[in-house]
Amino acid sequence: MQRVLTAVQMREAEAAAQERHGMPSGLLMENAGRALADAARSIAGPGGRFTVLCGPGNNGGDGLVAARFLLEGGARVVVSLVGDPAKLTAESKRNLQALEGFGESPRAFEALPESGAGDVIVDALFGTGLRRAPEGAFADAIGTVARWRRAGAKVVAADVPSGLQSDTAEPFALCVEADVTVAFGFLKPAHELEPGASLCGDVRRVDIGLGGESARAVSGAELLRVEEQDARDVIPARRADTHKGTYGHVLVVAGSPGKTGAAAMVALSALRSGVGLVTVATRAEALPWVMAHSPEIMGIALPGEGPLGKGDLEALKSALEGKDALVMGPGIPRGPETGALIGDLLAAVDVPAVLDADALNAVAEDLTVLRRAKGPVLLTPHPGEMARLWGRTTKDVQQHRVGVALNMATSLNVTVVLKGSRTLIAEPGGRVFINPTGNAGMATGGTGDVLSGVCGALLAQGIKLPKAAWTAVYAHGLAGDLAAKRRGLMGLIATDLLEDLGAVWVRWGR
Ligand SMILES: NC(=O)C1=CN([C@@H]2O[C@H](COP(=O)(O)OP(=O)(O)OC[C@H]3O[C@@H](n4cnc5c(N)ncnc54)[C@H](O)[C@@H]3O)[C@@H](O)[C@H]2O)[C@@H](O)CC1
Ligand SMILES: [K+]
């Protein structure tokens, strides 16, 4: 896992590094600027010129250091200080003097030569300290960077592209779009969450002397980026002397006439994710169609008809006997009593439960039913479902993804998977995991059903929350990335993921 720190947490980490190993901030800036110069060199064309744009804060100081290293390496460099030089931080002032000692003085922004193909712009206007929309000279500079980039210049951003808010990953109306962003010390939300992530280009995190330990000293919510090795390590290697009983039995409550495919996709993805047995419980008229999708699927017909309601409680309780996990929701017939049924069911049994799709819409009417759950609960809403659960608009949810997921997890004492580009997994009370896998090709019907099947399968195999959730999300996204290579983003459909889940397990030696 990689820690992802907010601006406040970065300052705390810096203070901790100073306290712990006496790391002076000037040395951190020196290391940051040097790494920035290396990144700038790596994307320059032969003989290309470097234009370094520095702002008033320490981000600008990093730019001044980078300019010095580029000059020392013999490159053609021009530097501009945008804003009031009297406001420079002490550390930046020192580096301005050092630069002048190398024979280079900042020029007026208007006096800079044009840039184009082969050239590199080093964007050191603002980093984590950006507080409001850039205006005046800063706005002009950001606009000019965009023009030079259209003319073929490459852009390397110091820490965060200027105009992008580090903590929320939301850009102001004017924002630098970078080819490479050099993240100093730790990743920031702007690098990992959309829309910021797309504005950063290739993110390269570099060590600057803070030391990994310094992140342990920070306060507030813990944001973590899941890495492939983390997910792989969660899945145990199979021992030879095992049988289907070793790997658990999932009950899938899903499907209705017209939506039998949803139930089949949950069941098949659970089967493709290592579970021993899968049983689907659904209304009698839907059951044969679900089972016809694959002979491995077992079925239980729920007596009664129409929407699921309190009358289904006893049948579901007995269906859950001997089961190790429950997945409920995709394609279920929903009615006025469905939410209460789910509440009663979760209060009566202690198997881990995944609620998805219409099970989420059903409990949205009265979320407190979830507080009665005896076993661990995982909710897997997409932003629209989360908006219904939270009683806000989808846009609101998308602008506050981390806070929304964490609040819901904490207030209901459940694990929450908030789907969408960079799916978040929040556990009650503190940690939020960011998933880096997946792609826009997965924005197609049924991929969510496949995810809930993977979650159910891992839970039935005894993997606990939130591990089961972030591992399932990682594997599902990786399956999507592999599927997109075969099908293209345009051609990818949900059942492709069933095949490529296999490729994920093969890649992980499972
Ligand atoms: N925390 C750390 O450990 C390190 C931080 N470093 C650098 O320091 C940066 C943070 O430095 P700062 O906190 O000085 O912040 P910034 O350099 O991002 O900018 C802060 C300055 O810009 C001004 N400002 C903010 N928004 C503005 C706007 N819209 N228009 C005009 N002025 C505006 C502020 O008043 C302040 O003077 C990091 O992003 C990184 O580049 C590095 O030097 C190395 C170590
Ligand atoms: K920057």
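Source: prediction; values computed, not measured. (Residues numbered from 1 in each chain as written. Chains lettered and ligands numbered in written order. Predicted model: local features only at pLDDT ≥ 70, side-chain atom pairs only at ≥ 80, totals over all residues. Heavy atoms only, no water.)

A. Up close: the overall build of the protein. In terms of regular secondary structure, the protein is built from 19 helices and 17 strands. Buried residues in the protein amount to 56% of all 510 residues. Sequence-distant contacts in the protein: of pairs separated by 6 or more residues, those separated by 24 or more amount to 73%. Of the roughly 20200 Å² that the protein leaves accessible, carbon and sulfur atoms contribute 51%. A gap of 2 Å separates the mean positions of the 51 positive and 55 negative side-chain charges of the protein. (Helix = DSSP H or I, 4+ residues; strand = E, 2+ residues; numbered from the N terminus. Buried < 20%, exposed > 50% of the residue type's maximum accessible area, 1.4 Å probe, protein only. Contact = heavy atoms within 4.5 Å. Areas by Shrake-Rupley, 256 points an atom, 1.4 Å probe, with all protein chains shown as cover. Lys, Arg positive; Asp, Glu negative; His and termini not counted. Charge placed at Lys NZ, Arg CZ, Asp CG, Glu CD.)

B. Structural context of the domain arrangement of the protein. Domain boundaries assigned for the protein yield domain 1 (2-218) and domain 2 (228-507). Each of domain 1 and domain 2 has a C-alpha centre, and the two are 42 Å apart. If you look at the interface, domain 1 gives seven residues, while domain 2 gives six residues. Note on domain 1 versus domain 2: buried area summed over both sides is about 570 Å², and carbon and sulfur give 56% of it. Considering only the side of domain 1, the residues that lose the most area to domain 2 are Glu192, Leu193 and Glu194, jointly responsible for 69% of the buried surface there. There are one salt bridge connecting domain 1 and domain 2. Taking the shortest distance from any N to any O, the salt bridge between Glu192 and Arg422 comes out at 3.0 Å. The interface formed by domain 1 and domain 2 contains one residue pair in polar contact (both at pLDDT 80 or more). Among the residues forming the side of domain 1 that touches domain 2, the class breakdown is three nonpolar, one polar and three charged. (Domains from an automatic or database assignment. Buried area = accessible area lost by both parts, 1.4 Å probe. Salt bridge = Lys/Arg side-chain N within 4 Å of Asp/Glu carboxyl O. Polar contact = N/O pair within 3.5 Å; in protein donor to acceptor, adjacent residues only side chain to side chain. Nonpolar A, V, L, I, M, F, W, Y, C, P; charged D, E, K, R; others polar.)

C. Summary view of the packing of helix α17 (residues 447-460) against helix α18 (residues 467-491). Their axes nearest at 9 Å, the elements α17 and α18 cross at an angle of 135°. Taken together, the axis directions place α17 and α18 in an arrangement best described as oblique. In the packing of α17 onto α18, the handedness of the crossing is right-handed. Along the contact surface, α17 presents Thr447, Val450, Leu451, Val454, Cys455, Leu458 and Leu459, while α18 presents Ala468, Thr471, Ala472, Val473 and His476. (Axes fitted to C-alpha atoms, helices over the stretch in contact; angles between N-to-C directions. Parallel < 35°, antiparallel > 145°, perpendicular 65-115°, else oblique. Left-handed = near helix turned anticlockwise from the far one by under 90°.)

D. The arrangement of the UniProt feature "domain: YjeF N-terminal" (unreviewed entry) in the protein in detail. Under the present numbering, the feature "domain: YjeF N-terminal" (unreviewed entry) in UniProt falls on residues 10-216. Its end C-alpha atoms 11 Å apart, residues 10-216 is made of 39% helix and 15% strand. (UniProt positions renumbered as here; feature names shortened; annotations may be inferred.)

E. Representation of the sheet that holds strand β1 (residues 2-4) in the model. Pairing within the open sheet is mixed, and its eleven strands lie in the order β1-β8-β17-β16-β15-β14-β13-β12-β9-β10-β11. Edge strands, defined here as strands with exactly one partner in the open sheet, are β1 and β11 (298-302). Across this sheet, the average inter-strand angle for adjacent strands is 20°, counted without regard to direction. Here helix α9 (residues 260-271) sits on the sheet and contacts β9 (249-253), β10 (277-283) and β12 (325-328); the angle it forms with β10, its principal contact strand, is near 170°. (Pairing = 2+ DSSP bridges.)

F. Region of the structure containing the site of ligand 1. Near ligand 1 you find 23 residues, and of these Asn59, Asp62, Gly127, Arg132 and Asp159 are the closest. Backbone polar atom of Ala133 to a nitrogen atom of ligand 1: 3.5 Å apart, as the coordinates give it. Isolated, ligand 1 exposes 880 Å² of accessible area, and the fraction of that covered by the protein chains is 83%. Those elements that place two or more of their residues in the shell around ligand 1 are α1 (7-21), α2 (25-42) and α3 (58-72). Looking at the shell around ligand 1, the element that brings in the most residues is α3, giving three residues. For the shell around ligand 1, the residue count by class is twelve nonpolar, six polar and five charged. (Near = heavy atom within 4 Å.)

G. Spatial organisation of helix α12 (residues 338-348). Buried residues dominate α12, accounting for eight of its eleven residues. Listed in full, the buried residues belonging to α12 are Thr338, Gly339, Leu341, Ile342, Gly343, Asp344, Leu345 and Leu346. Against the buried residues of α12 lie α11 (313-319), β12, β13 (353-355), α13 (358-364) and β14 (377-379).

H. Up close: the side chain of Arg422. Within the secondary structure, Arg422 is located in the loop between β15 (415-418) and β16 (424-426). Polar side-chain contacts of Arg422 include one of 3.0 Å to the side chain of Glu192. Residues in contact with Arg422, not counting those within four places in the same chain, are His191, Glu192, Leu193, Glu194, Ala197, Arg225, Arg401, Ile434 and Asn435.

I. How the structure looks around α1. A rise of 1.5 Å per residue sets the reference length of α1, with its 15 residues, at 21 Å; its end C-alpha atoms lie 21 Å apart and thus fit the reference within 8%. Of all the positions in α1, only Ala7, Gln9, Met10, Ala13, Ala16 and Ala17 are classed as buried. Tucked into the core, α1 has its buried residues touching β1 and β6 (180-184). Of the residues trailing α1, Gly22 is marked for its positive phi of about 55°. (Expected span 1.5 Å × (residues − 1).)

J. Representation of the coordination of the potassium ion (ligand 2) in the model. Around the potassium ion (ligand 2), the protein supplies Asn59 (OD1), Asp123 (O), Phe126 (O), Ala158 (O), Val160 (O) and Ser162 (OG) as donor atoms, at distances of 2.5 to 3.2 Å. Between the donor residues of the potassium ion (ligand 2), the gaps in sequence give the motif N-x63-D-x2-F-x31-A-x1-V-x1-S. With Asp123 in strand β4 (residues 120-124) and Ala158 in strand β5 (residues 154-158), this residue pair connects regions lying 35 residues apart in the sequence. Each member of the pair Asp123 and Ala158 is classed as buried. (Donors = N, O, S within 2.8 Å, 3.2 Å for Na, K, Ca; no water.)

K. Looking closely at unusual backbone geometry. Residue Pro195 is bonded to the preceding Glu194 through a cis peptide linkage, with omega at 5°. Omega for the bond connecting Leu465 with Pro466 falls within 30 degrees of zero, at 5°, which places this linkage in the cis form. In this fold, Pro466 is placed in the loop between α17 and α18. Of note, the phi angle at Asn413 is positive, near 55°, even though the residue is not glycine. Within the secondary structure layout, Asn413 lies in the loop between α16 (401-412) and β15. For Arg422, which is not a glycine, the phi torsion comes out positive at approximately 60°. Here Arg422 falls in the buried class, since its relative accessible area comes to 19%.

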